Amino acid sequence: MEKRIPRILMGKPGLCGHDRGIMLVVMALRDAGMEVIYSGRHNSPEQLVKVAIQEDVDVLGVSVLSGAHLSMCGRVATLLREQGAEDIVLLAGGFIPPEDIPKLKALNVREVFTEGAKLDDIVAFVRRVSEERHQRVHGMAAS
Amino acid sequence: MLREDLTIAEAAWREGHASEFAEATAKPVTCEDGLPLKPLYTPLDVGSDYLEEIGFPGDFPYTRGNDATGYRKKLWTISPYAGFGSPRETNELFRKLIDHGALPPYMALDLPTQLGLDPDDPMAAGEVGLSGTSIASLRDWETVFDGISLEQTFAGTVVNAPAVVILAMHVVCAQKQGADLTKVRGNIQNDILKEFTARGNFIFPVEPSIRLLVDSVEYCAKHLPSYWPVNVTGGHFAEAGANRVHELAFAFSDAFTYIERIMARGVPVDAFAKNMFFLMKTNHFDLFEEVAKFRVMRKVWARRLRDRYGARDPESLKCKILGASGGSQLTRERPELNIARTTLACLASALGGVQLVSLRTMDEVFGIPSHEAEMISIGTQHVVAYETGVPDVTDPLGGSYYVESLTREYESRVLAEIERIEAEGGMIRAVETGSVRRAIAQDAYQAQVALEHGEKVKVGVNKFRIEEDERPRRPYILHPEEEGRRVAEVQALRRERDSTAAAAALDEIRRVARLPEGSDTNLMYPIIEAVRSYATVGEICKALKDVFGEYDERGRV
């Protein structure tokens with residue numbers, strides 16, 4: 001079976017303009033050979049979910065440093081579920097207090113990467129969950 | 001001693017310690033920018049023309065400081081950054097800070113305000129009052145400064161894209177207080193170019209954004225001569241990851257772009273340049289490089305202002321700097337060590353001769369600071385100012401072979417980078433092609449890789465880790481009902497005000513915005529009238545968007 005190149009959408013929901021972290025992750029994923037779409041800043045959750053579905057991405061990575069991570073991730077996760085796209089793996093990064101990480105996971109955020117996270121670890125994680133997701137959704141057709 | 005004799009002596013000394021040098025230089029040591037560092041600096045590393053290259057403080061080119069007697073004349077200003085939640089809470093905090101003798105409080109605004117959105121805008125949902133004070137109309141500004149005299153207070157605000165609206169609020173509020181406008185002091189950040197390239201709080205496309213900036217500076221030159229309408233914020237490049245050379249070159253390129261546009265409007269350089277100042281990052285790492293950075297800034301600014309722009313007023317030639325430590329240099333691991341880091345950052349600023357210092361609090365890595373941490377941060381500055389003796393002698397590191405050598409090196413690197421940007425079509429073009437964004441991202445990537453490979457040490461993060469208790473630290477938590485309250489307040493305002501007057505004022509903004517820019521079509525005047533009619537930040541920005549459109553950054557990263 002052919003290995004598909006992971007397809008990733010990275011974006012910033014809401015109004016937060018700090019994108020040092022997300023740009024680092026975008027560069028690291030591209031360096032690792034993945035197909036990464038960076039949607040830039042000031043996206044509504046609706047826009048992000050729409051692009052994620054249109055582009056058939058394996059992973060949607062969102063970054064929030066303004067403190068609005070719970071409401072933003074909650075809205076993205078709800079929209080993914082409502083539109084039958086729960087299979088897209090939702091990851092979050094940014095300025096997130098440790099005690100909010102379990103709350104984000106309860107909202108169906110698969111993993112949370114804060115400022116201490118290493119790029120190599122993020123790349124490995126994204127690769128693994130992308131392959132898993134692709135197997136799950138497209139596995140039968142591809143084999 | 002002759003230079004040749006010294007060269008021979010240095011070679012002999014090096015030869016005599018050859019094995020030590022072989023060991024110490026086996027692996028190249030560089031500072032953050034990749035600038036190679038020698039193990040020792042000597043008179044051979046510095047220039048021989050003291051008067052031309054360095055000079056005396058208070059005199060051109062101001063390398064050693066803006067004032068002949070440095071901090072003996074006036075200590076730097078302690079400048080905390082504060083403000084959260086509602087205008088009322090912010091007013092209480094400001095009064096408390098003023099009682100502690102801490103002036104000026106720099107006001108943080110929430111993201112909806114900084115992006116020109118009212119609290120009830122759908123895009124504002126979840127962000128109202130979260131990262132700063134929510135300001136929707138003049139009514140909120142009047143609440144924030146209730147009982148605080150605008151004639152006696154320096155009111156600094158970090159606002160960029162809608163800066164003209166906040167400036168207009170300040171003008172109307174001061175007028176209502178009966179203040180003498182020529183004495184009103186304060187600052188809006190108003191450095192829009194770095195929002196496109198670093199911080200991300202942009203609204204309008206580049207050209208109309210510059211028009212608004214020129215309008216505000218022209219207005220201040222005419223009516224608010226004590227107000228500082230532009231704070232060029234190189235620190236935001238550094239926080240986004242730019243190395244020191246890029247931080248300086250991009251900040252200067254933005255500043256020079258503004259100066260050229262303002263002069264093209266017909267405002268004489270000496271009518272506004274003295275009220276421009278810089279906010280630069282002050283790092284605890286690369287301590288001596290930071291000191292050199294501030295010295296280089298004064299030199300580059302003075303030469304350019306005199307030689308390129310014909311400035312004659314010595315106040316225009318003095319580069320005024322706010323040294324600000326940044327959140328990205330602090331750590332959640334062992335957060336108490338952040339006090340040590342900011343102490344050293346403050347020292348770097350003091351040794352560099354800056355005019356204002358703003359330190360982050362130890363708990364800012366967890367959220368909006370607690371009052372206790374804010375007081376520790378102010379106390380940290382008091383310790384550096386009153387216990388170290390650093391302010392007693394001007395430019396105490398001047399003459400250090402190392403610092404003088406760094407000053408020369410950074411000056412030539414920064415000037416080369418400024419020239420490169422100019423040769424490629426200038427800063428506005430560099431914003432639009434995305435080249436500045438890419439340079440910053442590359443710098444950030446290199447720094448991250450160096451950190452992850454252990455080439456750079458962060459205590460508690462990649463070295464000297466200790467197991468810590470995981471007790472949650474949430475310095476300040478916004479009341480969950482605050483957003484709803486703010487939505488209700490702005491909706492009540494729209495019902496209570498004279499909406500016909502507000503609508504007419506907004507129409508006037510649209511009419512003037514459609515006309516070609518110039519002194520006769522300065523948008524400050526209609527914006528001031530709209531603010532006076534209690535039109536909201538969102539409505540005023542919407543009127544401007546109707547004419548100018550919005551900036552779209554896609555395709556530029």
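Residue indices follow the written sequence of each chain, beginning from 1 at its first position. Chains and ligands are labelled sequentially in the order written, the chains with letters from A and the ligands with numbers from 1. Note on the predicted model: pLDDT of at least 70 is required for a residue's local features to be given, and 80 or more for side-chain atom pairs to be given and counted; whole-chain, interface and lining totals, by contrast, use all residues.

## Structural notes on the overall build of chain B
A helix here means a DSSP run of H or I that spans at least four residues, while a strand means a run of E at least two residues long, and both kinds are numbered starting from the N terminus. Looking only at helices and strands, one finds 23 helices and nine strands in chain B. The globule rule used here is 2.2 Å times the number of residues to the 0.38 power, and the radius of gyration it is set against is calculated over C-alpha atoms. In terms of overall dimensions, chain B is globule-like: its C-alpha atoms have a radius of gyration of 24 Å, near the 24 Å expected for 557 residues. Principal-axis analysis of the C-alpha atoms places the extent of chain B at approximately 85 × 60 × 50 Å. Every C-beta atom is placed from the backbone, and the number of other C-beta atoms within 10 Å of a residue's own sets its class: buried at 20 or more, exposed at 12 or fewer, partly exposed in between. Counting all 557 residues of chain B, 50% fall into the buried class. Sequence-distant contacts in chain B: of pairs separated by 6 or more residues, those separated by 24 or more amount to 78%. Any two residues are considered in contact once their C-beta atoms, placed from the backbone, lie within 7 Å.

## Structural notes on the overall build of chain A
Summing up its helical and strand segments, chain A has five helices and five strands in all. Helices (α) and strands (β) of chain A occur, in sequence order from the N terminus, as β-α-β-α-β-α-β-α-β-α. Scaling as 2.2 N^0.38, a compact globule of 143 residues should have a C-alpha radius of gyration of about 15 Å, and chain A matches this with 14 Å. Based on the C-alpha atoms only, the size of chain A along its principal axes is roughly 45 × 35 × 25 Å. Looking at chain A as a whole, 48% of its 143 residues are labelled buried.

## Quick look at the nonpolar core
Residues and elements named next belong to chain B. By definition, a nonpolar core groups buried Ala, Val, Leu, Ile, Met, Phe, Trp, Tyr and Cys residues that connect through C-beta atoms lying within 7 Å of each other. Counting residues in hydrophobic clusters, the biggest one holds 193 residues, and the most contacted among them are Val-165, Ala-168, Phe-278, Ile-509, Ile-527, Val-531 and Ile-540. The source of the domain bounds is an automatic or database domain assignment. Residue assignment places this core across two domains, with domain 1 (73-188 + 479-552) and domain 2 (256-433) each supplying three or more. Excluding residues within four positions of it along the chain, Ile-540 makes contact with Val-165, Leu-506, Ile-509, Ile-527, Ala-530 and Ala-535.

## Here we look at helix 13 (residues 287-307) of chain B
Helix span is expected to be 1.5 Å times the residue number reduced by one. Here helix 13 of chain B spans 31 Å end to end across 21 residues, near enough to the 30 Å set by a 1.5 Å rise per residue. Most of helix 13 of chain B is tucked away, with 15 of its 21 residues classed as buried.

## Describing the sheet that holds strand 5 (residues 111-114) of chain A
Residues and elements named next belong to chain A. By definition, two strands form a pair when at least two bridges between them are found by DSSP. With parallel pairing, five strands are arranged side by side in an open sheet as 2-1-3-4-5. Each edge of the open sheet is held by one strand with a lone partner, namely strand 2 (35-38) and strand 5. On average, adjacent strands in this sheet sit at an angle of 20° to one another, irrespective of strand direction. Here four bridges tie strand 1 (residues 7-11) to strand 3 (residues 59-64), and the two strands are oriented parallel to one another. Residue Leu-9 lies in a different strand from strand 3, and its bridge partner there is Leu-60. Helix axes use the C-alpha atoms of the stretch in contact, all axes being lines fitted to C-alpha atoms, and the angles between their N-to-C directions lie in the range 0 to 180 degrees.

## Overview of the sheet that holds strand 3 (residues 106-107) of chain B
Remark on secondary structure: sheet strands pair via backbone hydrogen bonds, oriented parallel or antiparallel. Residues and elements named next belong to chain B. Across the sheet, four strands lie side by side as 2-3-4-5; this open sheet has parallel pairing. Single-partner strands in this sheet number two, and they are strand 2 (81-82) and strand 5 (185-188). Both strand 2 and strand 3 contribute to a ladder of two bridges, which runs parallel. In the strand pairing of strand 3, Ala-82 is matched with Met-107.

## Some details on the environment of Lys38(B)
Mapping Lys38(B) onto the fold places it in the loop between helix 2 (18-24) and helix 3 (50-53). Along the sequence, Lys38(B) and Val490(B) sit 452 residues apart, while their C-alpha atoms lie 60 Å from each other.

## Remarks on the interface of chain B and chain A
Each side of the interface is counted separately: chain B has 27 residues, and chain A has 26 residues. Among the elements of the structure, helix 6 (111-114) and helix 19 (435-452) of chain B are those that each provide at least two residues to the side of chain B that touches chain A. Throughout this entry, Asp, Glu, Lys and Arg are counted as charged residues, while Ala, Val, Leu, Ile, Met, Phe, Trp, Tyr, Cys and Pro are counted as nonpolar. The remaining residues, Gly among them, count as polar. The residue inventory of the side of chain B that touches chain A, partitioned by class, reads 13 nonpolar, seven polar and seven charged.

## Quick notes on unusual backbone geometry
Residue and element names in this part refer to chain B. Pro-61 follows Phe-60 through a cis peptide bond whose omega is 0°. Relative to the assigned elements, Pro-61 resides in the loop between helix 3 and helix 4 (70-73). A positive phi is found at Tyr-62, a non-glycine position, where the angle reads about 65°. Relative to the elements of secondary structure, Tyr-62 occurs in the loop between helix 3 and helix 4. Here Tyr-62 falls in the buried class, since 24 other C-beta atoms lie within 10 Å of it.

## A closer look at the pairing of strand 5 of chain B
Residue and element names in this part refer to chain B. Pairing of strand 4 (residues 154-157) with strand 5 involves four bridges; the strand directions are parallel. Looking at strand 5, one finds that Thr-157 is bridged to Ile-188. On the question of chirality, the crossover connecting strand 4 to the parallel strand 5 by way of helix 8 (residues 163-177) is right-handed. With strands facing away from the observer, any crossover in which the path from the first strand over the helix to the second runs clockwise is taken as right-handed.

## Overview of the confidence of the model for chain B
In the predicted model, chain B carries a mean pLDDT of 93, and 97% of its residues have values of at least 70. Here the predicted complex scores 0.95 on pTM and 0.90 on ipTM. Known as pLDDT, the predictor's per-residue confidence is scaled from 0 to 100.

## Remarks on the pairing of strand 4 of chain B
With two bridges joining them, strand 3 of chain B and strand 4 of chain B adopt parallel strand pairing. Residue pairing for strand 4 of chain B: Met107(B) is matched across the bridge by Thr157(B).

## Observations concerning the packing of helix 15 (residues 337-352) of chain B against helix 16 (residues 371-387) of chain B
Residues and elements named next belong to chain B. At a minimum axis separation of 10 Å, helix 15 and helix 16 run at an interaxial angle of 45°. As the angle between them shows, helix 15 and helix 16 are arranged oblique. Of the two possible hands of crossing, helix 15 and helix 16 adopt the one that is right-handed. Facing helix 15, whose interface residues are Ile-339, Thr-342, Thr-343, Cys-346, Leu-347 and Ala-350, helix 16 presents Ile-376, Ser-377, Thr-380, Gln-381 and Val-384. A per-class count over the contact of helix 15 with helix 16 returns six nonpolar, five polar and no charged. Here the word oblique covers every angle except those under 35 degrees (roughly parallel), over 145 (roughly antiparallel) and from 65 to 115 (roughly perpendicular). Here is the rule for handedness: rotate from the far helix to the near one, and if that takes an anticlockwise turn smaller than a right angle the crossing is left-handed, while a clockwise turn gives right-handed.

## Re the domain arrangement of chain B
In many analyses, interface size is given as the accessible surface area lost on bringing the parts together. All names here are of chain B. According to the domain assignment, chain B consists of domain 1 (73-188 + 479-552) and domain 2 (256-433). Taking only C-alpha atoms, the centre of domain 1 and the centre of domain 2 are 27 Å apart. Elements with a minimum of two residues in the side of domain 1 that touches domain 2: strand 1 (77-78) and strand 2. Among the residues forming the side of domain 1 that touches domain 2, the class breakdown is nine nonpolar, four polar and no charged.

## Let's talk about helix 3 (residues 69-82) of chain A
Residues and elements named next belong to chain A. The terminal C-alpha atoms of helix 3 lie 20 Å apart, and with 14 residues this matches the ideal 20 Å at 1.5 Å per residue to within 8%. Inspection of helix 3 places His-69, Met-72, Cys-73, Arg-75, Val-76, Ala-77 and Leu-80 among the buried residues, and these make up the whole buried set. Against the buried residues of helix 3 lie helix 2 (45-54), strand 3, strand 4 (89-94) and helix 4 (101-106). Note on helix 3: the residue one or two positions beyond its end, Gly-84, has a positive phi of about 65°.

## Regarding the environment of Leu351(B)
Residue and element names in this part refer to chain B. Mapped onto the secondary structure, Leu-351 falls in helix 15. When the 22 C-beta atoms within 10 Å are taken as the criterion, Leu-351 is described as buried. Considering only alpha carbons, one finds Leu-351 and Glu-290, 61 residues apart in sequence, at a separation of 9.0 Å. Residues in contact with Leu-351, not counting those within four places in the same chain, are Val-291, Val-390, Pro-396 and Leu-397.

## Things to note about the environment of Gly93(A)
Residues and elements named next belong to chain A. Its place among the elements puts Gly-93 in strand 4. Here Gly-93 falls in the buried class, since 24 other C-beta atoms lie within 10 Å of it. Gly-93 sits 24 residues away from Ala-117 along the chain, and the two C-alpha atoms are 9.1 Å apart.

## Considering the packing of helix 8 of chain B against helix 22 (residues 524-532) of chain B
Residues and elements named next belong to chain B. Interaxial distance between helix 8 and helix 22 falls to 9 Å at its minimum, and their mutual angle equals 65°. Considering how the two elements wind past one another, helix 8 and helix 22 form a crossing that is right-handed. On helix 22, the residues touching Val-164, Val-165, Ala-168, Met-169, Val-171 and Val-172 of helix 8 are Met-524, Ile-527, Ile-528, Val-531 and Arg-532. Considered class by class, the residues forming the contact of helix 8 with helix 22 number 10 nonpolar, no polar and one charged.

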